[in-house]
Amino acid sequence: MSDATTAKAGGDPKAGGVVFDIRYQRYGGPREGRRRARLAVYKDGFRKVLGLGRGARAKLLPWACILLMVGISTVLASMAGFGQRTLGDVGAEMVPGTSHYFLYSFSITILFVFAALMAPRLLCPDRRNGTLHLYLVRPLTASDYVQARWAAFLTVMVSVAWLPQFVLLAGRVLGHPEPLAYLDANWTDIPKFLLAGAAVAAMVTAVSMLASGLATRRGYASVLLIALFVVPNAVTAPFALNPQLQWVSMFSLGDVLGETNKLIFNGTEQAAEAGAQVEPAFRGPDDMDSVPTQFSPRLLLAAYLGWLIAPGAILWMYYRRLTP
């Protein structure tokens, strides 16, 4: 209300209020509903993990881990290429640790450290700062929120797992005197390392998201996740020495990840023996084709599904209670 309007009404202009028209308008665009909301939470989670759109400090840890794995794969590819060009196929086989199987064998630990540091970024701040309740308004539900965050972290983990493998593959192919011959003899490694990377990423995502969902502080979530990786392995290690008690290792996350990787690349001892007559060329001794797995394939599949489904189900049920 202006001063002139107040004066006409017979009141004191100084005692009257002033109404400012700042042109608020109703939203008249399309309403995209839950699908658009889930996509927004997914994109935000993906950017949070990698520090995109944030300062250099937020990018330091994730990109340091990624560059470390890429650097290791580049060194391994260079070593294999050097041995191949100097001594031929025998030279490439004499260089240990230059296979896709070996790269996953020790990069599982780096992937787990990456998950322990990055996964808490997705869930802990929202709960600690109370912004989770701002997400859980219509049309977004707690299930939508968890699924979007889970999918965002899985996308990052799969990308981080696959990138060094593609770098190693490119280095091995380009470093060989006959790239097409090498690729023709070893093309089956591609679906194997894709499947192994997806399997490792899915399990690590399930466990790390559960640890992050149960904690409000990122440090607590990281410690809990590392404990899930270290403690069961230390407890089950003595039992693994007894062939009749090796099944106890299915409760160790590290053992299940390692055995899953081994099964995908090498199969069981019987499968390796059955396929010995078609063993591809240009393969090094680090592939361990004749090394048997600790578990039977059925027991390993049950252990893997247990580590994958149980954490996801617990996290989903826990967050469902937060739906307003």
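Criteria and cut-off values
Note on numbering: residues in each chain are counted from 1, in written sequence order. Where local features are concerned, this predicted model is filtered to residues with pLDDT of at least 70; where side-chain atom pairs are given and counted, the filter is 80 or more; whole-chain, interface and lining totals use all residues. Values reported for side chains reflect all heavy atoms of the structure, with hydrogen atoms and water molecules removed beforehand. Secondary structure elements are defined from DSSP: runs of H or I of at least 4 residues count as helices, runs of E of at least 2 residues count as strands, and each element is numbered from the N terminus. When accessible area is computed with a 1.4 Å probe and restricted to protein chains, residues below 20% of their type maximum are described as buried, those above 50% as exposed, and intermediate ones as partly exposed. In what follows, residue pairs with any heavy atoms lying within 4.5 Å of each other are defined as contacts. Shrake-Rupley sampling with a 1.4 Å probe provides the accessible areas, and residues are treated as covered by the protein chains on show and by no other component. A carboxyl oxygen of Asp or Glu within 4 Å of a side-chain nitrogen of Lys or Arg is what we treat as a salt bridge. Per-residue confidence from the predictor is reported as pLDDT, a score between 0 and 100. Residues forming no salt bridge and having over 30% relative accessible area are the ones grouped into patches, like charges within 9 Å of each other and nonpolar side chains (Val, Leu, Ile, Met, Phe, Trp, Tyr) within 5 Å. One less than the number of residues in a helix, times 1.5 Å, gives the span that helix is expected to have. In this description, a line fitted to the C-alpha atoms serves as the axis of each element, helices being fitted only across the stretch in contact, and the angle between N-to-C directions of two axes falls anywhere from 0 to 180 degrees. By definition, turning the near helix anticlockwise from the far helix through less than a right angle yields a left-handed crossing, and turning it clockwise yields a right-handed one. Gly is placed with the polar residues, together with every amino acid not listed as nonpolar (Ala, Val, Leu, Ile, Met, Phe, Trp, Tyr, Cys and Pro) or charged (Asp, Glu, Lys and Arg).

**Some points on the overall build of the protein**
Each helix and strand in the protein was counted, giving 14 helices and zero strands. Reading the protein from its N end, one meets helices and strands in the order α-α-α-α-α-α-α-α-α-α-α-α-α-α. Burial analysis of the protein (324 residues in total) assigns 41% to the buried set. At a minimum sequence separation of 6, the contacts of the protein that also span at least 24 residues come to 77%. With the model as given, the accessible surface of the protein reaches about 17400 Å², and the carbon-plus-sulfur share is 66%.

**Some details on the pattern of salt bridges**
Applying the stated criterion across every chain, the model contains seven salt bridges. Lys 48 is the partner of Asp 44 in a salt bridge, and the nearest nitrogen-oxygen pair spans 3.8 Å. Residue Asp 44 and its partner Lys 48 are both found in helix 2 (residues 33-50); the two are separated by four residues, about one turn of the helix. Among the residues examined, Asp 44 registers a relative accessible area of 23% and is labelled partly exposed.

**Remarks on the confidence of the model for the protein**
Model confidence for the protein is summarised by a mean pLDDT of 78, while 77% of its residues fall at 70 or above. Mean pLDDT in the protein bottoms out at helix 13 (residues 269-274), which sits at 35, and peaks at helix 10 (residues 189-214), which reaches 92. In the model, residues 1-11 has pLDDT below 50 throughout and makes 10 contacts with residues more than four positions away in sequence or in other chains. Note on residues 268-293: pLDDT under 50 across the span, and 47 contacts to partners over four residues away in sequence or across chains.

**Quick word on a nonpolar patch on the surface**
Taken together, the side chains of Ile 226, Val 230, Val 231, Val 235, Phe 239, Leu 245, Trp 247 and Phe 251 present a nonpolar region at the surface, about 730 Å² in accessible area. Residue placement: Phe 239 occurs in helix 11 (residues 218-240). Taking relative accessible area as the criterion, Phe 239 reaches 39% and is therefore assigned partly exposed.

**Overview of helix 2**
Relative to the 26 Å expected for 18 residues at 1.5 Å per residue, helix 2 spans 27 Å between its end C-alpha atoms, a close match to the ideal helical length. Restricting attention to buried positions, one finds in helix 2 the residues Ala 37, Val 41, Gly 45, Lys 48, Val 49 and Leu 50.

**A few points about the packing of helix 10 against helix 14 (residues 297-320)**
As a packed pair, helix 10 and helix 14 sit with axes 9 Å apart at the nearest point and diverge in direction by 35°. As helix 10 packs across helix 14, the resulting crossing turns out to be left-handed. For the pair helix 10 and helix 14, the contacting residues are Ala 198, Ala 199, Ala 202, Met 203, Ala 206, Val 207, Met 209, Leu 210, Gly 213 and Leu 214 in the first and Tyr 304, Trp 307, Leu 308, Pro 311, Ile 314, Leu 315, Tyr 318 and Tyr 319 in the second. Split by residue class, the contact of helix 10 with helix 14 holds 17 nonpolar, one polar and no charged.

**Considerations on the environment of Ala 161**
With respect to the helices, strands and loops of the structure, Ala 161 is situated in helix 8 (residues 142-174). Overall, the relative accessible area of 2% leaves Ala 161 in the buried class. For the pair Ala 161 and Leu 111, spaced 50 residues apart in sequence, the C-alpha separation works out to 7.3 Å. Beyond its immediate stretch of four places on either side in the chain, Ala 161 contacts Tyr 104, Leu 111 and Gly 197.

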